[in-house]
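Structural description and commentary
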Amino acid sequence: MRRDYIDTGYSPKDTDLICEFHIEPSAGVNFEEAATHMAGESSIDSWTEISTLSPELAARLKPHVFYVDEDAQTVRVAYSEELFELGSVPQVLSAVAGNILSMKVVDNLRLQDIAFPGSMLNEFKGPKFGLPGIRELTGVQDRPLIGTIVKPKVGLTSEKHAEVAYKSFAGGCDLVKDDENLTDQKFNSFEKRAELTLKLAEKAESETGERKMYLCNITAPTCKEMIRRMNILKDLGASYAMIDIVPAGWTALQTLREEADDAELALHAHRCMHSAYTRNPRHGISMLVVAKLCRLIGLDQLHIGTVVGKMHGEKHEVLSLRDECVLDNVPADESQHVLAQDWGRLKPMFPVASGGLAPTMIPDLYAIFGRDVIMQFGGGIHAHPMGTAAGATACRQALEATLEGVSLQEYAKNHRELEVAVDKWLKK
Ligand SMILES: O=C(O)[C@H](O)COP(=O)(O)O
Ligand SMILES: [Mg+2]
């Protein structure tokens, strides 16, 4: 193993890929030694000095650990772009989030952030619709979007599913999505569900005069089934497809983005399973990295947490994710382990808040996220005592109250569905 990767005098080049890592060396290993091993293993080196790595080759391709803060257990590494297949997310991850996470020289290691050079951005399309495209698609420009997840997660027949979706649309939802574990079950086949639900979305559109979007889950083995399902949606005239990004995997997402381009489908990204490697703050890969890969590949909207709902995620973390979704230029924020990222021509993604939300949380959600967010309510709509349609209406009323700066209690005096929701969910 070479020993000259620590190079705090190095100024990263515009063409370098930069990573920030949290490192906890194991007992008896010093911090710089662990950082050196990590940098070598993620690029050109092995566990021992190898004769096949000439000094010339090493000089050209070696990683530069250009920032070391042992107290904060943080290092930043600049990697030459030559090390990567720039259009392949799996290859990049195999390097900077691969073997290094398993090394014995560290007790814990976490990829906190990754900053892509322009040459890597050039290899990807980014979102086709993105935030502005979704606003155009839905015809809603000036408020957060309201969505629901048909509940129960799985168990309804296709007919019942479509009916619940219809009630949600009729009550005021802009979007209705499948749950992450609903794909193609015996009692609810993909094709039948898609056909019936899209039909009723159209009916709700003509009745309400609003655009109504159905986000049908196409997650499946990529080539044999997922793309086939995407094409079914296209043929049925859908505007959206939904995918479980982590179970499906990065290559599936890259393939889908290519295929969905011709199909003109917006892509909704459900992040279920991300916590298997993002939740431990000391080890794994951060959700920030997941979000950045989604924007790079080109998903149009992504679950980023709720702050006030049932999913973990501190406010500062969720807001960093929001910024990474929506800003053209993300400034560095040392305290949050965020590297600067210029997104160039890549469009912003629409952030989605979903998980354990009730209509009565809308004022808080609006204060946290602002206008550019999709608020999704599963139980918060389908558990409304007056039923699904009333649950959706209560959400729209709560949003109207919030946008008008009126308290929910005040607005509820003349809005029955909200009144019932306030009685059920607002802590007295
Ligand atoms: O997929 C989701 O985001 C969740 O199913 C949300 O459902 P909940 O609002 O009932 O938690
Ligand atoms: Mg769900």
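Residues numbered from 1 in each chain as written. Chains lettered and ligands numbered in written order. Predicted model: local features only at pLDDT ≥ 70, side-chain atom pairs only at ≥ 80, totals over all residues.

1. Concerning the pairing of strand β5 (residues 145-149)
Across the five residues of β5, five count as buried, placing the element largely inside the fold. What you see with β5 is no split at all: Leu-145, Gly-147 and Ile-149 on one side and Ile-146 and Thr-148 on the other are buried throughout. In the sheet, β5 pairs with strand β15 (residues 374-377) via four bridges, with the strands oriented parallel. Directly across from Ile-146, in β15, lies its bridge partner Met-375. Pairing of β5 with strand β6 (residues 175-177) involves three bridges; the strand directions are parallel. Within β6, the residue paired with Gly-147 across the bridge is Leu-175. Taking the sense of rotation as the criterion, the β-α-β connection linking β5, helix α6 (residues 158-171) and β6 turns out right-handed. (Buried ≥ 20, exposed ≤ 12 C-beta atoms within 10 Å, placed from the backbone. Helix = DSSP H or I, 4+ residues; strand = E, 2+ residues; numbered from the N terminus. Pairing = 2+ DSSP bridges. Right-handed = clockwise from strand over helix to strand, strands pointing away.)

2. A closer look at the UniProt feature "site: Transition state stabilizer" (unreviewed entry) in the chain
The feature "site: Transition state stabilizer" (unreviewed entry), as given by UniProt, occupies Lys-310 in the numbering adopted here. Residues in contact with Lys-310, not counting those within four places in the same chain, are Gly-355 and Gly-356. (UniProt positions renumbered as here; feature names shortened; annotations may be inferred. Contact = placed C-beta atoms within 7 Å.)

3. Structural notes on the environment of Ala-367
Mapped onto the secondary structure, Ala-367 falls in helix α14 (residues 362-369). The exposed category is assigned to Ala-367, around which 11 C-beta atoms lie within 10 Å. The spacing of Ala-367 and Ile-6 is 361 residues in sequence and 43 Å in space, taken between C-alpha atoms.

4. Let's talk about the sheet that holds strand β10 (residues 284-285)
The five strands are arranged β2-β3-β1-β4-β10 in an open sheet whose pairing can be described as mixed. The strands lining the two open edges of the sheet, one partner per strand, are β2 (64-69) and β10. Looking at chain direction, strand β1 (residues 17-25) and strand β4 (residues 106-115) are connected through eight bridges and run antiparallel. Bridge pairing in β4 places Ile-23 opposite Leu-109.

5. A few points about the packing of α6 against helix α7 (residues 190-208)
Remark: α6 packs on α7, axes separated minimally by 8 Å, with the N-to-C direction vectors making an angle of 25 degrees. One finds that α6 runs roughly parallel with respect to α7. As for the relative orientation of α6 and α7, their crossing is right-handed in sense. Two secondary-structure elements touch here, α6 through Ser-158, Glu-159, His-161, Ala-162, Ala-165, Tyr-166, Phe-169 and Ala-170 and α7 through Lys-192, Arg-193, Leu-196, Thr-197, Leu-200, Ala-201, Lys-203, Ala-204, Glu-207 and Thr-208. The class makeup of the residues in the contact of α6 with α7 is nine nonpolar, four polar and five charged. (Axes fitted to C-alpha atoms, helices over the stretch in contact; angles between N-to-C directions. Parallel < 35°, antiparallel > 145°, perpendicular 65-115°, else oblique. Left-handed = near helix turned anticlockwise from the far one by under 90°. Nonpolar A, V, L, I, M, F, W, Y, C, P; charged D, E, K, R; others polar.)

6. As for the nonpolar core
One finds Ala-165, Tyr-214, Ala-241 and Cys-294 to be the most contacted residues of the largest nonpolar core, which totals 128 residues. When residues in this core are grouped by element, the largest group, nine residues, is from helix α12 (residues 287-297). There are two domains that each give this core at least three residues, and those are domain 1 (17-121) and domain 2 (130-330 + 343-425). If we ignore the near neighbours within four places in the chain, the residues touching Cys-294 are Ile-245, Ala-269, Leu-299, Leu-302 and Met-349. (Core = buried A, V, L, I, M, F, W, Y, C linked by C-beta atoms within 7 Å. Domains from an automatic or database assignment.)

7. Some words on the site of ligand 1
In the vicinity of ligand 1 lie 13 residues, with Ile-149, Ser-354, Gly-356, Gly-378 and Gly-379 positioned nearest. The set of elements that each furnish at least two residues to the shell around ligand 1 consists of β15 and α15 (379-382). Taken together, the residues of the shell around ligand 1 sort by class into three nonpolar, seven polar and three charged. (Near = placed C-beta within 6 Å.)

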